[in-house]
Amino acid sequence: MRRLAVAEILAWALSGGIALGLAVATGHADGAWMGAIATLVGLVGGLLIVALIPSREAFNWAVAQVSASTVRMIATLAIGFGLYRSLEPDKTGFWGVLLLTSLGVLAGEVMIFLPVLRGSSRASGARGSVTEASA
């Protein structure tokens, strides 16, 4: 869990910095920071789902991770849509930053979970206990 949280937050910060820089450079900075905040709130929601799940077999862990990723994306989009409709920021800056930071967080998520799932299936056949991601 700790490795996942660090990887996702670093991915969010890196992609957010790049996306916000692009938004400022192209003149679409109005409200772009709100896109990054919406992604951060969704990221925290996904991490809470993963934190509530104890160590499981590889297949069950994969299902839990897909569920957490789905919650993260739905929460990000719902919060983003709510912010966009209520505050009406610059469309390009807001959605561009939201989507780029979401992709960055997804990349961080995959970097952590794909090796864990592959390693657990190799180490113990089709079923194994995935404790690396939950530590």
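Small disclaimer: the values here were computed from a predicted structure and weren't measured.

Observations regarding the overall build of the protein
When helices and strands are counted, the protein shows 4 helices and 2 strands. Listed by position from the N terminus, the elements making up the protein come as α-α-β-α-α-β. By residue count, 37% of the 135 residues in the protein fall in the buried class. For the protein, long-range pairs separated by at least 24 residues make up 78% of all intrachain contacts whose partners lie at least 6 apart in sequence. Here the protein has roughly 7200 Å² of accessible surface; of this, 72% comes from carbon and sulfur atoms.

Describing the pattern of salt bridges
Within this structure, the stated rule accounts for 1 salt bridge. For arginine 72, the salt bridge goes to glutamate 109, with nearest N and O atoms at 3.1 Å. With arginine 72 in helix H3 (residues 58-87) and glutamate 109 in helix H4 (residues 91-123), the pair connects residues that are 37 residues apart, well separated along the chain.

Some thoughts on the nonpolar core
Counting 19 residues, the largest nonpolar core has Leu4 and Val97 as its most contacted members. Those elements that place two or more of their residues in this core are helix H1 (2-25), helix H2 (32-52), H3 and H4. In terms of residues, this core owes the most to one element, H1, which gives 6 residues. Here leucine 4 is in contact with Leu47, Val50, Gln65, Glu109, Ile112 and Phe113, once residues within four sequence places are set aside.

As for the packing of aromatic side chains
A full pass over the atoms with the stated rule returns 3 aromatic pairs. Look at phenylalanine 94 and tryptophan 95: their rings are 5.0 Å apart centre to centre, the planes differ by 85 degrees, and that puts the pair in the edge-to-face class. What makes phenylalanine 94 buried here is its relative accessible area of 0%. Site record: aromatic cluster; members linked through ring pairs are Tyr84, Phe94 and Trp95.

Remarks on the confidence of the model for the protein
Mean pLDDT over the protein works out to 84, with 82% of the residues at or above the 70 mark. Considering each helix and strand of the protein separately, the mean pLDDT is smallest for strand S2 (residues 129-130), with a value of 49, and largest for H1, with 92. Taken as a whole, residues 130-135 scores under 50 in pLDDT and shows 20 contacts with residues more than four places along the chain or in a different chain.

Thoughts on unusual backbone geometry
Despite not being glycine, glutamate 88 has its phi angle at roughly 50 degrees, a positive value. Structurally, glutamate 88 is set in the loop between H3 and H4. For glutamate 88, a relative accessible area of 63% gives the class exposed.

Remarks on H1
Spanning 24 residues, H1 covers 34 Å between terminal C-alpha atoms, matching the ideal 34 Å at 1.5 Å per step. Taken together, the buried positions of H1 are occupied by Leu4, Ala5, Ala7, Glu8, Ala11, Trp12, Ser15, Gly16, Ala19 and Ala23. Immediately beyond the C-terminal end of H1, within one or two residues, lies glycine 27, with a positive phi of roughly 80 degrees.

Regarding a nonpolar patch on the surface
There is a patch of nonpolar side chains on the surface, built from Leu14, Ile18, Leu22, Leu100, Leu103, Leu106, Val110 and Leu114 and spanning about 710 Å² of accessible area. Elements supplying a minimum of two residues to the nonpolar patch: H1 and H4. Counting residues per element, the nonpolar patch draws most heavily on H4, which supplies 5 residues. If you trace the backbone, leucine 100 turns up in helix H4. Residue class for leucine 100 comes out partly exposed when judged on its relative accessible area of 39%.

Thresholds, definitions, all that
Residues numbered from 1 in each chain as written. Predicted model: local features only at pLDDT ≥ 70, side-chain atom pairs only at ≥ 80, totals over all residues. Heavy atoms only, no water. Helix = DSSP H or I, 4+ residues; strand = E, 2+ residues; numbered from the N terminus. Buried < 20%, exposed > 50% of the residue type's maximum accessible area, 1.4 Å probe, protein only. Contact = heavy atoms within 4.5 Å. Areas by Shrake-Rupley, 256 points an atom, 1.4 Å probe, with all protein chains shown as cover. Salt bridge = Lys/Arg side-chain N within 4 Å of Asp/Glu carboxyl O. Core = buried A, V, L, I, M, F, W, Y, C linked by side-chain atoms within 4.5 Å. Phe/Tyr/Trp six-rings, centres within 6.5 Å; stacked < 30°, edge-to-face > 60°. pLDDT = per-residue confidence, 0-100. Expected span 1.5 Å × (residues − 1). Patch = residues over 30% accessible without salt bridge, like charges linked within 9 Å, V, L, I, M, F, W, Y side chains within 5 Å.

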